[in-house]
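Notes for the structure review
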Amino acid sequence: MEVSVLPVELWQLIFSYLCLPDLGRCSLVCRAWSELILSLDRTRWRQLCLGCLQHRHPNWPNQPGVEPLSWREAFKQHYLASKTWTKTTPDLDSSNCLSLFRRRKGRRRLSVGAGGEFGSLRAALAAASPYDRLVLLPGVHEEQSEVLLKVPVEVVGEGALGDVALLASIDQHCPTARLCNVVLMPARFSPLLYKTTSGYVQFDNCNFESGQLQIHAPGTCQVKFCTFSQSSIHLRSVALCILEHCEFTGSENASVTVEGCPSSDRNWACRQLAVLAKSGTTSMREPDPVSCPVAKWDGWGKSQLGPVRTCEIVVGEERSSFFSAVDAQALVASAQEDPDFGENLRAAKEEEEEYPVLDSNSSDSDLRSDDEEDAQAMYKLPCQAHSLSHTLADITDSRLQSNRLHTLQRDLKLKSLQQELQQDKEAQSLASSLQGCIIRQCLFRDGKGGIFIYSRGQAKVEGSIFRDLTYAVRCIQSSKVTMLRNDIHHCKASGIFLRLLAGGLIADNNIHSNCEAGVDIRKGANPLVLCNKIHSGLRSGIVVVGNGKGIIRSNQIYGNKEAGIYILYNGNPAVSGNHIFQGLAAGVAVNENGRGQIAGNIICENQWGGVDIRHGGDPVLRNNLISCGYSDGVVVGEHGKGLIEGNVIYGNKGCGVWMMSSSLPHLLNNQISHNSIYGVAVFCHKDNTGDYPPGQGGSESFQEEREGVGGDNDPDSEEEYLTARRPISVALVELNSISHNGAAGLHVKSSEALNVIANIIHGNGDGGVAVLQSSQLTCLANNNISCNGRGGVLVEADCRVELRGNGIYENSSHGIVSKGEGIIAENDIIGNHRCGLQLLQAADMTVTKNRIQSFRDYGIAFFDEAKGLVQENLIFQGRSKKSILQPISNAEDCIIQNNVLLTFKKRFDVECMLINPPARPHLEGGAHVSCAAAAGQRVSSITRRVDGGCHNHGSIFCTIL
């Protein structure tokens, strides 16, 4: 009959009354009829699928309210899977026609129970032939001894699920079997529900209550649409098995235990299971790496985070946008706690009233009147030709700096899982592997454990939910786990726990609201952790402990109460390309001899330090964007170490880098700018001795790792780690750009030596460098210190400093003010708004071979009891006609000799003054010298000397130029 004879709606109504075989026959009539049959997907096919007692909703148990893409396809998969147990012989692909002549297995239907042919399952099995169907009639079927399954049969319960209960312990000794629509309960004599050591068994739509299912290689199984209530599955060396759409509740131990390496002796069913595993792929759920997520628990619990905030980076605005009223209140609170800091603030305020502070981007023209312009042109020395001038030009160009920040944010954009798999062949291999136990679309809830993998076992977990457990997954003893697109939340301990050389792939999971770490990596475990959302945990996001390793890449880690990533006890992961933000503690914490390669991450808006390094922590921190934190950008606490290189540390409410003098970091080639307080601050006092700021891990329990510290290190990784680092014996701040910070660029209150070499310290709201306490030598060499809001360098009483080869230009107050002792040699101190060099109180300095000029004040000024040696300096005349003032009371201790005083008669003379040698600082190779070349040059130009006594907390050597 032609389709056009009747309306389409009428055809659909007619076809909706057909049974399954008739629908199949009609679809083969013609293309038009086939399309009509397909159009019944939401009506007749849905009715057939849900009406099948052997299966439940295709998206049960996780999303029973979500319809599948195709009900017909779901029904087809159900049907094909239900026939897997009968395919004990391989298909002959070469001759398909032979299937027509193959003898069909004769199948009988045997009824068991009250009113049936047999009174017990044992009696029915004794009379059954291979592949017969044993139908259990409604009621309770109990066996008093173990039932041996010697022939392949199908055991099916009649009626709805729950009508048939089977109390038995079954041991399978045949190649294949199937159980469907039955409630399995343990017999009185054994908790074992079902066991097979060689054959294949298939469970469809069954309930397991208070018992155990055991599968030993070469046996295997397929379990679909089953419920395990206080029951578990134990798999030993199984080559391949599938658990799909199952619900596990109330387990007293692990719900699924996978033990042993997958057997090479494969069961006949492994080929069929591999086909099913490939065809039933989990729906792809690609996260959007651009937009920040919003924390929603879908009724599992209330979000502690709320909508995720974004961090907007602004360059070139007025300081008020960074140094807000909140920051002012924080400074006042700090002043009340620290008397010295309070005195400095009050002194700074008084000086600010007397001498106006220049804006970071301002020039001399902001303070001079029109009639001074000619005089300024006459006396201003050109100082733009020093080795760091090109870098300095980049800093002062706010548009260029903004472009660089946006470029950096674009380069650090999160990668999707597909992009990661394309680039990482190991991850791709793990994601596509089909070995061991495959667990898909299952629900684990309200029990002790989810999945336990040990003794080289392998498991793959896709699209499952783990909630309200003690732990979700434990993987130990060289086992491997592949976890893709799972939800893991509200666990009482860690979500995923790996230890003892475990590995695998943890990718695209949503891990949140766990009481301990989201992912816990220990004892040599080395997983790939890619593209996950790890958030809202009550402790840390990821913990790497006790020689744990791992590659942690392209994850979103946010809103955790402790550190986003916490590394300690020789943990040594590679952390790259992650977005770590809005944590209630540090973004990354490295503690207790932790190490790690932390590169290319965006770490922003964390409550404590963006990166916190303490107690022997020694990471490599490279090329990260650390911004907009509510405290300091990088914190190097007591005995912290590390190479901190090439990072952008921007817009934090505290300091850019905060470090203790008992630490030994190497700050190299970082951009530290627009932070609300100091650019780099070095303090000598302990930060609440023994107490961690909230979330830095002081209360973590790591006793077993504590006992094993220092052992079992990998010699190859250790050698690789050392060759990548340049050993230093003194804290080193080198080749950094420290600019436009709210207070001083470099603030030093230290009890140990410090080397500050070849940095640009420019445009900071307070002075360039403030050395307020320094019992050991602080060496400042080859730095450019310019255009800061107050003086260039301040040295307080009892401090020891060496200033050599620096360019100190156009600062808003004095070039150098010193009340301490040391050496000032071969510096250019030019164009500062007050004295070039001022020595106060009991200063005792050796001042040699400097070029000094002040436009409005003295070149060198002595006050109080200042003394020292001043010789061989070039002192240029300023407009005020002042050169050297020496109103000192003890002239015998002050030697002033062989200095040259220069006055300018022509403007041409001014332009030729800083040419031979050119303006300082001088660096070999010029401004574009590479980091590696510069490092080699710096090593060759550094000498070491013994500094007199022995120091308790560090090396007795100090490094000077």
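Structure report, in brief.

About the cut-offs
- Residues numbered from 1 in each chain as written.
- Predicted model: local features only at pLDDT ≥ 70, side-chain atom pairs only at ≥ 80, totals over all residues.
- Heavy atoms only, no water.
- Buried < 20%, exposed > 50% of the residue type's maximum accessible area, 1.4 Å probe, protein only.
- Helix = DSSP H or I, 4+ residues; strand = E, 2+ residues; numbered from the N terminus.
- Pairing = 2+ DSSP bridges.
- Polar contact = N/O pair within 3.5 Å; in protein donor to acceptor, adjacent residues only side chain to side chain.
- Contact = heavy atoms within 4.5 Å.
- Axes fitted to C-alpha atoms, helices over the stretch in contact; angles between N-to-C directions.
- Parallel < 35°, antiparallel > 145°, perpendicular 65-115°, else oblique.
- Left-handed = near helix turned anticlockwise from the far one by under 90°.
- Nonpolar A, V, L, I, M, F, W, Y, C, P; charged D, E, K, R; others polar.
- Disulfide = S-S within 2.5 Å.
- Core = buried A, V, L, I, M, F, W, Y, C linked by side-chain atoms within 4.5 Å.
- Phe/Tyr/Trp six-rings, centres within 6.5 Å; stacked < 30°, edge-to-face > 60°.
- Lys NZ or Arg CZ within 6 Å of the ring centre and 35° of its normal.
- Patch = residues over 30% accessible without salt bridge, like charges linked within 9 Å, V, L, I, M, F, W, Y side chains within 5 Å.
- Areas by Shrake-Rupley, 256 points an atom, 1.4 Å probe, with all protein chains shown as cover.
- Salt bridge = Lys/Arg side-chain N within 4 Å of Asp/Glu carboxyl O.
- Lys, Arg positive; Asp, Glu negative; His and termini not counted.
- Charge placed at Lys NZ, Arg CZ, Asp CG, Glu CD.

Our next topic: the pairing of strand E6 (residues 164-167). Side chains of E6 alternate between two faces, with Val164 and Leu166 and Ala165 and Leu167 buried alike. Across three bridges, E6 lies against strand E9 (residues 183-185) in parallel orientation. When the bridges of E9 are listed, alanine 165 appears paired with valine 183.

We now examine the side chain of asparagine 759. Tracing the backbone through its elements, the reader meets asparagine 759 in the loop between strand E54 (754-757) and strand E55 (760-762). Within the structure, the side chain of asparagine 759 is placed 2.9 Å from the backbone oxygen of valine 733, a separation counted as a polar contact. Leaving out residues up to four positions away in the same chain, asparagine 759 has contacts with Leu388, Val733, Glu734, Leu735, Asn736, Asn782, Asn783 and Asn784.

A few words now on the packing of helix H4 (residues 41-51) against helix H5 (residues 71-82). Contact geometry of H4 with H5 gives a least axis separation of 8 Å together with a crossing angle of 25°. Taken together, the axis directions place H4 and H5 in an arrangement best described as roughly parallel. Once H4 is placed against H5, the crossing between them reads as left-handed. Taking contact as the criterion, the partners of Asp41, Arg42, Trp45, Arg46, Leu48, Cys49 and Leu50 in H4 are, on H5, Trp71, Arg72, Ala74, Phe75 and His78. A per-class count over the contact of H4 with H5 returns seven nonpolar, one polar and four charged.

Quick look at the state of the cysteines now. Summed over all chains, the structure comprises zero disulfides. Counting only cysteine sulfurs, cysteine 226 is the nearest neighbor of cysteine 206, a cysteine outside any disulfide, at a range of 4.8 Å.

This brings us to the nonpolar core. Judged by nonpolar contacts, the single largest core of 129 residues is most densely connected at Phe203, Leu235, Val256, Phe466, Leu498 and Ile542. When residues of this core are assigned to their parent elements, the largest contribution, five residues, is made by strand E23 (residues 465-475). Apart from the residues lying within four places of it in its own chain, the contact partners of phenylalanine 203 are Leu179, Tyr194, Phe208, Leu213, Gln222, Val223, Lys224 and Cys226. Within the second largest apolar cluster, 15 residues are counted, among which are Phe15, Leu36, Trp45 and Ala74.

Note on aromatic pairs: each is described by the distance of the centres and the angle between the planes. One pass over the full model with this rule turns up 15 aromatic pairs. Ring centres of tryptophan 45 and phenylalanine 75 lie 6.3 Å apart, and the angle between their planes is 50°; on these two criteria the pair is classed as tilted. Of the two residues, tryptophan 45 sits in helix H4 while phenylalanine 75 sits in helix H5, which places them 30 residues apart along the sequence. Both residues of the pair, tryptophan 45 and phenylalanine 75, count as buried. Judged by centre distance (4.9 Å) and plane angle (10°), the rings of tyrosine 558 and phenylalanine 581 are stacked. One end of the pair, tyrosine 558, is in strand E34 (residues 556-558); the other, phenylalanine 581, is in strand E37 (residues 579-581), with 23 residues separating them in the sequence. Phenylalanine 581 carries the same exposure label as tyrosine 558, and that label is buried. Feature note: the residues Tyr194, Phe203, Phe208, Phe228, Phe248, Phe444 and Phe466 constitute an aromatic cluster, connected by ring pairs. A cation sits over an aromatic face here: arginine 474 above tyrosine 471, 5.4 Å from the ring centre. When the ring centre of phenylalanine 497 is taken as origin, the NZ or CZ atom of arginine 474, which lies over that ring, is 4.7 Å away.

A separate point is the pairing of strand E20 (residues 436-440). Where burial is concerned, most of E20 is hidden: five out of the five residues are buried. Pairing analysis gives five bridges linking strand E17 (residues 240-244) to E20, with the strands arranged parallel. Each bridged residue has a counterpart across the sheet, and for leucine 240 the counterpart in E20 is glycine 436.

Let us look at a nonpolar patch on the surface. Taken together, Leu10, Leu13, Ile14 and Tyr17 make up a surface patch of nonpolar side chains, about 410 Å² in accessible area. Within the element layout of this structure, leucine 13 appears in helix H1 (residues 8-15). Exposure remark for leucine 13: the relative accessible area of 45% places this residue in the partly exposed category.

Among the surface-exposed residues, Asp798, Glu821, Asp844 and Asp893 lie close enough to one another that they form a single negatively charged patch. Within the element layout of this structure, glutamate 821 appears in strand E63 (residues 821-825).

Before going further, it helps to spend a moment on the packing of helix H2 (residues 20-27) against helix H3 (residues 31-38). Across the interface, H2 lies against H3 with an axial gap of 7 Å and an inter-helix angle of 140°. With respect to H3, the element H2 is oriented oblique. Where H2 approaches H3, its residues Leu23, Cys26 and Ser27 are matched on the opposing element by Trp33, Ser34 and Ile37.

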